[in-house]
Every structure is written in C-alpha cells, then in structure tokens.
Amino acid sequence: MRKLLVDYSLCNGCGRCEIVCSKAFYKEENMKKSAIRIFSNSYGGYHGQYRLAVCDQCGVCARMCTPMALNVDAHGVWKIDKSKCVGCLICIGECERGFIYYHDDLPTPFKCIACGLCARACPTGALRLSE
Amino acid sequence: MKSEIHLLAGQHQQLTEYKYKPKAIYRGYNNRSLHIDLSSMTIKEKQISREIKEKFTGGRGFGLYYLWQAVTPQTHWDDPENEIVIAHGPISGITQYPGAGKSLVCSISPLTHLPIDSNVGGHFGPFLKFSGFDALELQGKAGNDVIIFIDGNEHLIRIMTAPREAIDSHILVEQLSEMYAIDKDDKSNIAIVSSGTAAANSNIGMLNFSFWDKRRGCVRLKQAGRGGIGRVFRDKHIKAIICCFRGVNGDLNNPADKRLINAAGLRLHKEVANCDHLQNNMRKIGTANIIEVMDQYDLLPCYNYQYGSDPKTQKISSKVFIEKYVTQGVPDGCWYGCSLSCSKAVDNFLLRTGPYSGQRVCVDGPEYENAAGLGANTGTFDPDWILEANFYCDTYGLDTISMGTMTAFAMECFNRGIITLKHTGGLDLTWGNGESLCELMHQMSRGEGFGMIVGRGIREMKRIFVEEYGADKAFLEDIGMEQKGLEYSEYLMKESLAQQGGYALCNKGPQHDEAWLIFMDIVNNQMPTFEDKAEALYYFPLFRTWFGLLGMCKLPWNDITPADNKYSDDPSKVPGHIRNYRQVFEGVTGKPIDDDDILKMSDRVYTFQRVFILRMGSGQRCHDKPPYRSLGPVTKEEYLSRQPRYDKQLKEKVGFDINGIEERIAALRHWREQQFEKLVDAVYKRRGWTPNGIPKLQKLEELGIDFPEVVSVVKPYLQAEGFWPDYAE
Ligand code: SF4
Ligand code: SF4
Ligand code: SF4
C-alpha cells in the first residue's frame with residue numbers, strides 16, 4: 001500500500017512539504033491549501049518538536065460519502081474525484097484524525113494522495129513514501 | 001428494460017413545451033417561480049418581489065402565499081383552482097450543512113378542507129432551485145395522465161401524456177429514471193415527484209419525492225405525507241414531475257459568505273460523527289430509535305391511543321430492526337451533506353401480499369411514526385407486517401401516519417362491536433391483524449371494499465358509522481383521533497397538557513412537527529405553570545416553522561446535540577445549533593439575524609396561516625377542540641391502566657375521593673377539560689390572538705402582514721368579539 005510515512009523526530013518544521021503540496025495541486029504557495037500540515041508539538045507526546053498531520057489511507061472517510069466520490073485506487077490510496085464530489089465536507093468530519101482539509105476558496109476538500117512530492121522535498125528525511 | 005422503456009416513451013404525446021432563460025441564483029434566491037396550469041396547458045414564470053421575500057421568506061411561506069392567491073373561501077380540494085405548491089427555501093440546496101434539502105408542499109387538503117403543509121426530503125426541491133425556480137405552482141387539471149419534465153440544464157419544460165407508465169411509485173420512479181438518465185451514473189441527476197394508485201381513491205394520498213441511492217443502485221422515496229396532497233395530485237392527473245439537473249456542487253446558491261456555512265457545517269459533521277452513537281443512533285436506525293423509549297415512558301400509542309406501552313413492544317424495538325432488517329453502515333441522507341443520515345432502508349424485503357407478492361423490494365423505513373402507527377397503534381407488534389404496510393403505503397401513495405391512526409380507529413370500533421364483519425365486507429379487523437391492515441390498502445389501491453370507507457379518514461368514518469351503522473356519536477367523537485379532519489400523529493399526549501396543546505393548537509391539524517413538548521413537560525417537569533406552557537407553545541411552533549421557511553430539516557437541530565448542550569442556558573432550545581443556523585442563514589443570504597428575527601420571520605407565516613384557515617372556514621376556538629381521548633381516559637380500561645396516577649390526580653387536584661370508576665372518569669374529565677381550556681386561554685394570549693383564537697389587528701400590523709385581504713378576513717370576527725380597535729374605524 002502506498003502511503004506517506006512520517007518520522008516526527010526528524011522534522012525541523014521548515015514547511016517545505018506544505019509549500020510543495022499546495023503548489024503542486026493549487027499552483028500557489030499557501031500552506032492552507034496543503035494536504036500535509038505541520039503543527040508545533042507543544043503538548044508533547046511525539047518524539048520531536050513537530051507533529052505532521054497527513055492521511056494514512058485508512059479509508060474510514062469514504063464510508064459516508066453519498067456520491068461515492070472517495071474511492072481507493074490500485075495502490076491503496078484514497079482519492080477524491082472532484083467531478084463527483086459535491087463539497088459536503090462530511091468526509092472531514094468522519095476522519096477522526098482530521099487529515100482531510102478544506103479551504104473556503106475551493107469547492108471540494110482535499111487530502112494526501114501519496115504522490116511523494118513532499119517526501120522528495122523534505123531536507124531531513126522526515127517523510128518517506130512506502131510502496 | 002431499455003426496450004420496455006422505449007415502448008413507454010413511444011406513447012408520450014407532447015402537449016406543450018416552454019423555454020426559459022437561464023439565470024444564476026443570487027444569495028439563495030432565484031427570485032422567480034414557475035406556474036403550470038394543467039387545464040389550459042400554459043406555463044409561465046412569476047417574479048418574486050422583495051416584499052414577498054421579506055414577508056414570507058420561502059418554503060412554506062411561499063407555498064401559503066401562492067395558495068392564498070389561487071383559491072377562494074369556497075374552493076374545494078378538487079376544484080381546478082386548488083393548487084399544489086412545491087417550494088424549498090433560501091438555504092435549500094447547500095451541501096455543507098446537514099438537512100438542507102427539504103421541500104414544503106402546500107395545498108387545500110381533502111381531509112381538512114384547509115391549507116395543509118407537508119415537509120419532505122429527496123432531491124426535487126434543490127434540483128428545482130438549481131433549475132431556476134423558488135416555487136412551483138400546479139393548478140388546473142389535465143384531461144389524461146401527464147408527466148411534467150423540467151430540464152434544469154437545457155432550461156426547458158415539457159408536458160406530455162403518459163398513458164403507459166406505472167402509477168405505483170416504486171415502479172414508476174425506476175421507469176422514469178431509466179427513461180431520462182443517460183446512463184446509470186446519471187440517475188443521480190434525476191429527481192421525481194409521484195404518488196400511487198391508492199392516492200386516487202383515498203383522502204390520505206401522499207407524494208413521494210425521490211433520490212437515487214448510488215450504493216444500493218435503486219431509487220429511494222421520501223414522503224410528503226400529511227393531509228392528502230397525493231389525492232390532489234392524482235385528481236389533477238399528474239403521474240409524475242421529473243426534474244433533471246446535472247452539476248450539483250456546494251456553491252450553487254451563490255452564497256454571500258461561504259466561510260460561515262463551511263464552519264457551521266463542519267462543526268455539526270464532527271458532532272454527528274463523535275456523538276450520534278452516544279445519543280440517538282440516528283445513523284443506525286433513524287427516528288425509529290425511540291420506539292422502546294416511548295414505550296418505556298408510557299408514550300407509545302397502543303390500540304388506538306388507549307395505552308402508552310405494551311409488553312409486546314420488545315418485538316418491534318429498534319434493536320430488532322437494526323439487527324434483523326435495516327441495512328447498516330451506508331450513508332442514508334435524503335439530500336447531500338446530511339451526515340445524520342436518518343433515511344434508513346430495509347433491502348431485499350420479501351412481500352407476502354398484494355400485487356407485488358413474492359417480490360423482493362427496498363423498503364424506505366421504518367421511521368418511528370410508521371412503526372408506532374402501523375404497528376403499536378393497531379396492535380400489530382410484528383416487524384414483518386409493519387414493513388409490508390410501510391412499503392405499500394409508500395408505493396400506493398398513502399400517508400403512513402393517517403393510515404395507522406385510521407386503522408387503529410376502525411379496529412377499535414370493530415373490537416368493540418360498533419362495526420362488524422358485515423360492515424367490513426368480511427375483513428377481520430381484530431387488533432394486530434397485519435394482513436387485514438395491508439388488505440385495506442390493497443382495497444384502496446383497487447378502489448373497492450371497506451378500504452374505500454377507511455380511506456376517507458376518521459372524520460368521515462365517524463359520520464358514516466353514526467349515520468349509517470347507528471353508532472354512538474358521542475363515543476366516536478371521544479375516541480376518533482382526528483382534529484380539523486387530520487389524523488393525529490403517533491405520540492400519546494394524554495398525560496402531557498402541554499403536548500395536548502401542541503397537537504390541538506396546530507394550524508394544519510394535529511401533527512407533532514410544531515411542538516414536541518412531552519419530555520420537557522412530564523419527564524423533566526420544566527413547565528409547571530400555564531404561562532410556562534404557553535411560552536413553549538409560542539416559541540417552539542414558531543422556531544420549528546422556521547425550518548419550513550428555509551427548506552431545512554429539523555432533525556439535525558435536536559436529534560443530535562453538542563456534547564456540552566446540557567450546560568447551556570436553555571438545553572431544550574439547543575442554543576449551539578441555533579447559532580449554527582444564524583450563521584448559515586447569514587452565510588447564504590448575507591443578512592445577519594438574531595433569535596428574535598427567527599421568530600418574527602416565522603410568526604408572519606404562522607399568523608398568516610391562521611388567518612388563512614379562518615378564511616377557509618376554520619380557525620376559531622371551537623375548531624381547536626380535541627377529541628377527549630387526547631386529554632384523558634375515555635373508557636374504564638383506560639382509567640384502570642393508569643389508576644394510581646388518575647386517583648392521585650383526582651385527590652390532589654380535584655380535592656375529593658370518589659367511589660365508582662365511572663364517576664371518577666367523569667370527574668377527571670371535567671377537571672382535565674377545564675385545564676385544557678385554561679391552557680388555550682394562555683396560549684392564545686401569548687400568541688396575540690383573541691379568546692376566540694383570532695389574531696388581533698395589532699398583531700397583524702406588528703408583523704407587517706396587515707394586507708387588506710388579510711384584515712378583511714379577521715375584521716368581522718374581531719368586531720363580533722369586540723376586539724376591533726377604534727383607530728381602525
Ligand atoms: S483522510 Fe483520514 S479517514 Fe480518510 S483515509 Fe486518510 S486517515 Fe483515513
Ligand atoms: S466532500 Fe466530497 S469527498 Fe467528502 S464526503 Fe462530501 S462528496 Fe464525498
Ligand atoms: S436528518 Fe434525516 S430527514 Fe433530515 S435531512 Fe438528514 S436524512 Fe433527511
């Protein structure tokens with residue numbers, strides 16, 4: 001199964017992944033349009049100082065999608081089909097970990113599709129794509 | 001199937017066609033409605049002025065406004081000028097907040113002869129809006145069965161004869177979806193309004209509003225149940241209305257500020273995802289989650305509202321339906337974005353009776369009302385019969401609530417020997433005979449037998465039983481659970497004074513959608529005084545009316561609540577959700593509103609509706625009188641079933657001990673009827689009505705609905721009561 005693996009201890013919070021992601025999909029450098037998010041880990045509980053919030057392709061969010069816009073591809077990656085999505089935001093509520101994002105400018109939510117661009121851009125090796 | 005569909009379509013004869021100009025929705029409104037006259041086959045557009053929007057908001061408000069214009073005080077339900085108005089509302093069609101796909105349907109009812117409003121899910125309302133119209137008026141009568149096709153992308157309307165299609169909804173909607181969709185996926189873009197064979201033969205005909213269920217691969221049906229609008233529909237010879245719209249997304253309302261909508265929607269989605277399984281289990285079993293709860297609190301109507309519980313309820317508890325019948329784990333929203341997803345269904349249900357016997361079908365339900373009305377109230381504690389009856393009500397176009405309550409009444413008459421096999425044509429109406437319950441529907445569908453008498457509704461049944469079968473009028477008046485001609489919905493209100501008012505003081509007839517106060521009243525004892533009760537009977541009917549103005553569902557308001565709701569100022573109002581609604585309203589329309597504005601918007605329409613029913617010959621205090629069974633025990637058995645409670649009440653409230661049961665029943669009745677009248681006084685006063693239930697002129701002026709034609713309706717009544725103000729002379 002293809003998904004992004006995260007090693008929190010290596011993340012230095014530089015934000016390159018967020019920028020690469022939003023640029024790839026929305027043609028702008030806007031971390032609010034990124035499918036991977038960095039949070040400073042002020043509450044502890046993780047190994048490093050930062051927490052990376054990105055989908056791990058469990059598929060739970062797809063269950064309540066009425067138009068069946070959320071489907072799994074041959075690599076085990078869950079993708080939103082924008083032509084079918086009606087922008088209801090239900091999937092966001094369904095993902096317990098909050099790994100689907102939306103932006104008020106955009107008609108449909110977005111999530112990580114495990115393309116690996118961010119992993120390639122990450123200078124510390126905190127992100128890796130598993131096959 | 002394709003070739004069969006070609007054959008059906010080949011029989012269509014186009015009667016008229018109408019092209020209209022596309023126009024983008026602005027902040028929730030098209031500012032345009034559609035009028036179809038089926039007698040002359042003319043189609044026209046109407047502009048919706050700013051004033052109409054300000055006074056009537058949308059949905060039920062628009063429906064009543066247009067209906068008022070269409071009819072006269074003499075209009076009968078089957079006169080051609082009677083209309084069916086289908087309207088959604090300014091919020092309708094957003095996908096981000098749960099419950100935003102409702103349509104409100106208004107017409108002069110064959111049961112009550114008054115304006116009725118009925119609220120329904122399905123995709124038709126939003127599609128009608130995206131196609132360019134805020135309301136659809138259907139007037140006149142076609143010569144033969146027709147279908148009306150609205151193509152929201154091509155901006156085209158066609159009316160055609162449709163001689164060959166089925167009439168029963170479960171077949172008709174599949175035929176039409178196949179006919180109008182390009183392929184299977186495209187069926188999501190088709191929404192259909194239809195009724196059924198029995199609707200033509202009974203006063204309780206309803207309308208089905210469809211949506212395509214992608215996961216199940218079948219068309220689902222939601223019902224505009226109350227008041228017999230399906231009969232009007234079939235009387236106009238409409239087989240179906242089809243609206244096709246491709247390209248649904250969350251922004252079609254062109255909202256003023258989407259941020260507000262998104263934020264509110266997401267808050268609720270999360271709440272549902274986190275709390276539903278801890279609260280009402282709506283996602284698992286929908287409204288049927290309360291069957292056993294109602295039984296536990298003695299509120300489940302059993303055997304025609306005689307009792308509030310029965311040991312057999314365990315056989316039809318929500319657990320049974322979840323475990324054995326209702327398909328689990330699928331999204332069942334009646335419009336996009338409803339994460340509460342209560343529109344459950346039973347798949348592959350095997351029918352045992354009627355024309356479709358032996359077939360496996362998808363049953364839309366059971367909703368609580370169906371299980372309680374068709375089940376407990378008729379003594380049919382059997383899930384299979386409940387589902388069979390549920391299915392046939394839907395496909396035949398019958399209101400499950402009226403069907404349940406009417407059958408319960410007929411069964412009580414049968415079990416008491418008031419009517420016999422001779423009257424029923426050999427149909428055994430012993431309590432719990434599910435087969436006979438279904439046979440009544442089959443008779444309505446075929447247009448024959450005792451079903452044709454039951455199908456007239458309780459008011460007419462009472463008349464026939466008295467005039468033709470020699471029944472005791474006073475007794476039937478006591479036990480026949482109708483008021484204003486409409487059958488009661490399925491809650492036992494006998495022990496809750498507030499709910500007695502909640503039912504009896506409804507404009508359209510006794511339906512719980514205006515006020516559901518039983519728990520607040522008797523379980524939590526939150527309303528000890530008449531004034532408290534009156535306040536609740538002022539606030540809740542208005543607040544709940546608001547949903548019908550906007551095109552919203554009220555279930556996501558209080559069938560899920562924020563985890564910290566109980567710490568809020570007024571948990572019964574769910575303040576957290578009211579805040580969401582204010583935000584969503586502002587987000588779509590651009591108009592910020594406060595709690596008072598909500599009540600004002602509703603009060604205009606609510607009061608207008610009261611004047612409307614007055615105009616149609618009802619709407620005075622005498623018309624708000626309920627059958628005694630809704631206030632207290634009519635029979636000895638009923639008294640004995642709650643003897644300790646009644647004895648105690650007599651002793652404490654009436655202040656004396658009485659010996660015989662009959663005497664106690666009479667004394668209790670006297671006291672309870674007095675209590676009810678005191679409640680009516682308090683409520684009318686709070687609502688700004690006279691003691692005869694007439695809205696005062698000052699009230700109409702305050703609300704800005706003192707239109708001359710409205711004032712002229714109330715004037716003679718106000719004059720007669722001495723409430724016509726000097727300044728108005
Ligand atoms: S977005 Fe959340 S629910 Fe959906 S696949 Fe990813 S982790 Fe699972
Ligand atoms: S927002 Fe789109 S992908 Fe998510 S549940 Fe709704 S329709 Fe499906
Ligand atoms: S709560 Fe039920 S009835 Fe209301 S919108 Fe959702 S699915 Fe429809």
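Residues numbered from 1 in each chain as written. Chains lettered and ligands numbered in written order. Predicted model: local features only at pLDDT ≥ 70, side-chain atom pairs only at ≥ 80, totals over all residues. Heavy atoms only, no water.

Colleague: For this particular structure, what's the right way to read the overall build of chain B?
Modeller: Counting secondary structure elements, chain B contains 29 helices and 17 strands. Against the 2.2 N^0.38 benchmark of 27 Å for 729 residues, chain B shows a C-alpha radius of gyration of 24 Å, consistent with a compact globule. Judged by the C-alpha coordinates and their principal axes, chain B covers about 75 × 65 × 55 Å. Looking at chain B residue by residue over its 729 residues, the buried ones come to 67%. In chain B, once contacts between residues fewer than 6 apart in sequence are set aside, the share between residues at least 24 apart is 71%. (Helix = DSSP H or I, 4+ residues; strand = E, 2+ residues; numbered from the N terminus. Rg over C-alpha atoms; globule rule 2.2 N^0.38 Å. Buried < 20%, exposed > 50% of the residue type's maximum accessible area, 1.4 Å probe, protein only. Contact = heavy atoms within 4.5 Å.)

Colleague: Please explain a nonpolar patch on the surface as it appears in this structure.
Modeller: Together, Tyr297(B), Ile522(B) and Val523(B) give the surface a local cluster of nonpolar side chains, amounting to about 210 Å² of exposed area. Locating Val523(B) in the fold gives a position in helix 20 (residues 518–523). (Patch = residues over 30% accessible without salt bridge, like charges linked within 9 Å, V, L, I, M, F, W, Y side chains within 5 Å. Areas by Shrake-Rupley, 256 points an atom, 1.4 Å probe, with all protein chains shown as cover. Salt bridge = Lys/Arg side-chain N within 4 Å of Asp/Glu carboxyl O.)

Colleague: Looking at this model, I keep getting lost on the domain arrangement of chain B. Mind explaining?
Modeller: In many analyses, interface size is given as the accessible surface area lost on bringing the parts together. Residues and elements named next belong to chain B. Here chain B is described as being made up of domain 1 (2–244), domain 2 (280–487) and domain 3 (497–560 + 594–728). For domain 2 versus domain 3, the distance between C-alpha centres works out to 27 Å. The interface is formed by 30 residues belonging to domain 2 together with 36 residues belonging to domain 3. Where domain 2 abuts domain 3, roughly 2400 Å² becomes buried across the two surfaces, and 60% of that area is made up of carbon and sulfur atoms. Contact with domain 3 buries area across many residues of domain 2, yet Asp478, Gln483 and Lys484 alone supply 27% of it, more than any other trio. Here domain 2 is connected to domain 3 by five salt bridges. With a closest N to O distance of 2.5 Å, Arg629 and Glu412 form a salt bridge. The tally of links between domain 2 and domain 3 comes to 13 residue pairs in polar contact (both at pLDDT 80 or more). Mapped by element, the contributors of at least two residues to the side of domain 2 that touches domain 3 are helix 9 (291–296), helix 13 (400–415), helix 18 (473–479), strand 16 (482–483) and strand 17 (486–487). If one sorts the elements of the side of domain 2 that touches domain 3 by residue count, helix 18 sits on top with four residues. (Domains from an automatic or database assignment. Buried area = accessible area lost by both parts, 1.4 Å probe. Polar contact = N/O pair within 3.5 Å; in protein donor to acceptor, adjacent residues only side chain to side chain.)

Colleague: Sorry, what's going on with the site of ligand 3 here?
Modeller: Around ligand 3 sit Gly99(B), Lys102(B), Asp332(B), Gly333(B), Cys334(B), Cys338(B), Cys342(B), Ser343(B), Cys553(B), Leu555(B) and Pro556(B), and those are all the residues in its vicinity. Counting only domains with at least three residues in the shell around ligand 3, you end up with domain 2 (280–487) and domain 3 (497–560 + 594–728) of chain B. (Near = heavy atom within 4 Å.)

Colleague: Looking at this structure, how should I read the interface of chain A and chain B?
Modeller: Each partner contributes to the interface: chain A provides 21 residues, whereas chain B provides 24 residues. For the pair chain A and chain B, the summed buried area comes to about 2000 Å², and 60% of that belongs to carbon and sulfur atoms. If you sort the residues of chain A by the area they bury against chain B, Met64(A), Val86(A) and Asp104(A) come out on top, with a joint share of 27%. Viewed at the interface, chain B and chain A are joined by one salt bridge. For the salt bridge of Glu94(A) with Arg283(B), the shortest nitrogen-to-oxygen distance reads 2.6 Å. Taken together, the residues of the side of chain A that touches chain B sort by class into 14 nonpolar, three polar and four charged. (Nonpolar A, V, L, I, M, F, W, Y, C, P; charged D, E, K, R; others polar.)

Colleague: Explain the packing of aromatic side chains here, please?
Modeller: What describes a pair of aromatic rings is the distance from one ring centre to the other and the angle between the planes of the rings. Residue and element names in this part refer to chain B. Scanning the model with the defined rule gives 46 aromatic pairs over all chains in all. Measuring from ring centre to ring centre gives 6.4 Å for Tyr29 and Phe62, while their planes differ by 40 degrees; the resulting arrangement is tilted. Of the two residues, Tyr29 is situated in the loop between strand 1 (13–19) and strand 2 (32–37) and Phe62 in helix 3 (residues 60–70); the sequence distance between them amounts to 33 residues. Between the aromatic rings of Phe465 and Tyr469, the centroid separation amounts to 5.4 Å while the plane-to-plane angle is 20 degrees, which identifies the pairing as stacked. One aromatic cluster is present, formed by Tyr97, Tyr539, Phe540, Phe543, Trp546, Phe547, Trp557, Tyr581 and Phe585 through successive ring pairs. The ring of Tyr29 has Lys53 lying over it, and the distance from NZ or CZ to the ring centre is 4.6 Å. (Phe/Tyr/Trp six-rings, centres within 6.5 Å; stacked < 30°, edge-to-face > 60°. Lys NZ or Arg CZ within 6 Å of the ring centre and 35° of its normal.)

Colleague: Quick question: what am I supposed to make of the packing of helix 11 (residues 368–375) of chain B against helix 13 of chain B here?
Modeller: Residue and element names in this part refer to chain B. Remark: helix 11 packs on helix 13, axes separated minimally by 7 Å, with the N-to-C direction vectors making an angle of 20 degrees. One element, helix 11, and the other, helix 13, form an angle in the roughly parallel class. Crossing handedness for the pair helix 11 and helix 13: left-handed. Between helix 11 and helix 13, the residues in contact are Glu369, Asn370, Gly373 and Leu374 and Thr400, Ile401, Met403 and Gly404, respectively. By residue class, the composition of the contact of helix 11 with helix 13 is three nonpolar, four polar and one charged. (Axes fitted to C-alpha atoms, helices over the stretch in contact; angles between N-to-C directions. Parallel < 35°, antiparallel > 145°, perpendicular 65-115°, else oblique. Left-handed = near helix turned anticlockwise from the far one by under 90°.)

Colleague: Help me understand the site of ligand 1, please; the structure alone is not making it clear to me.
Modeller: If you check the shell around ligand 1, you find Cys55(A), Asp56(A), Gln57(A), Cys58(A), Gly59(A), Val60(A), Cys61(A), Cys95(A), Arg97(A), Phe99(A), Ile100(A) and Lys111(A) and nothing else. Considering only residue class, the shell around ligand 1 consists of seven nonpolar, two polar and three charged.

Colleague: When you look at the environment of Leu718(B) in this model, what are you seeing that I'm missing?
Modeller: All names here are of chain B. Residue position: Leu718 is located in helix 29 (residues 708–721). Taking C-alpha positions, Leu718 is 9.9 Å from Gly693, a pair spaced 25 residues apart along the chain. Every residue in contact with Leu718, bar those within four places of it in the chain, is listed here: Thr690, Ile694, Pro695, Lys696, Leu697, Phe723 and Trp724.

Colleague: Before we go on, may I ask you to explain the nonpolar core in this structure?
Modeller: For soluble globular proteins, the rule of thumb is that nonpolar side chains tend to be buried together. With 216 residues, the main nonpolar core has Ile241(B), Met403(B) and Phe465(B) as its most contacted residues. Considering every element that reaches this core, the biggest residue donor is helix 21 (residues 530–550) of chain B, with twelve residues. Residues within four places of Phe465(B) in sequence aside, it is in contact with Phe409(B), Cys413(B), Ile419(B), Phe450(B), Ile453(B), Gly470(B), Ala471(B) and Leu476(B). Counting 36 residues, the second-largest nonpolar core is a separate cluster that includes Cys55(A), Phe99(A), Ile100(A) and Cys112(A). (Core = buried A, V, L, I, M, F, W, Y, C linked by side-chain atoms within 4.5 Å.)

Colleague: Explain the sheet that holds strand 5 (residues 103–108) of chain B to me, please; I cannot follow it from the model alone.
Modeller: Within a sheet, neighbouring strands are paired by backbone hydrogen bonds and run either parallel or antiparallel to one another. Residue and element names in this part refer to chain B. Reading across the sheet, the six strands line up as 3-2-7-4-5-6 and stay open at both edges, with mixed pairing between neighbours. Across the chains shown, the open sheet's two edge strands, defined by having one partner strand only, are strand 3 (42–47) and strand 6 (115–120). Strand-to-strand twist in this sheet, taken as the mean axis angle between neighbours without regard to direction, amounts to 20 degrees. Across four bridges, the pairing between strand 4 (residues 84–87) and strand 7 (residues 135–139) is antiparallel. Opposite Val85, over in strand 7, you have Glu137 as the bridge partner. Sheet contacts for helix 3: strand 2, strand 3, strand 4, strand 5, strand 6 and strand 7; angle to strand 5, the most-contacted strand, approximately 20 degrees. Helix 4 (residues 124–131) contacts strand 2, strand 4, strand 5 and strand 7 of the sheet and is inclined by roughly 100 degrees relative to strand 7. (Pairing = 2+ DSSP bridges.)

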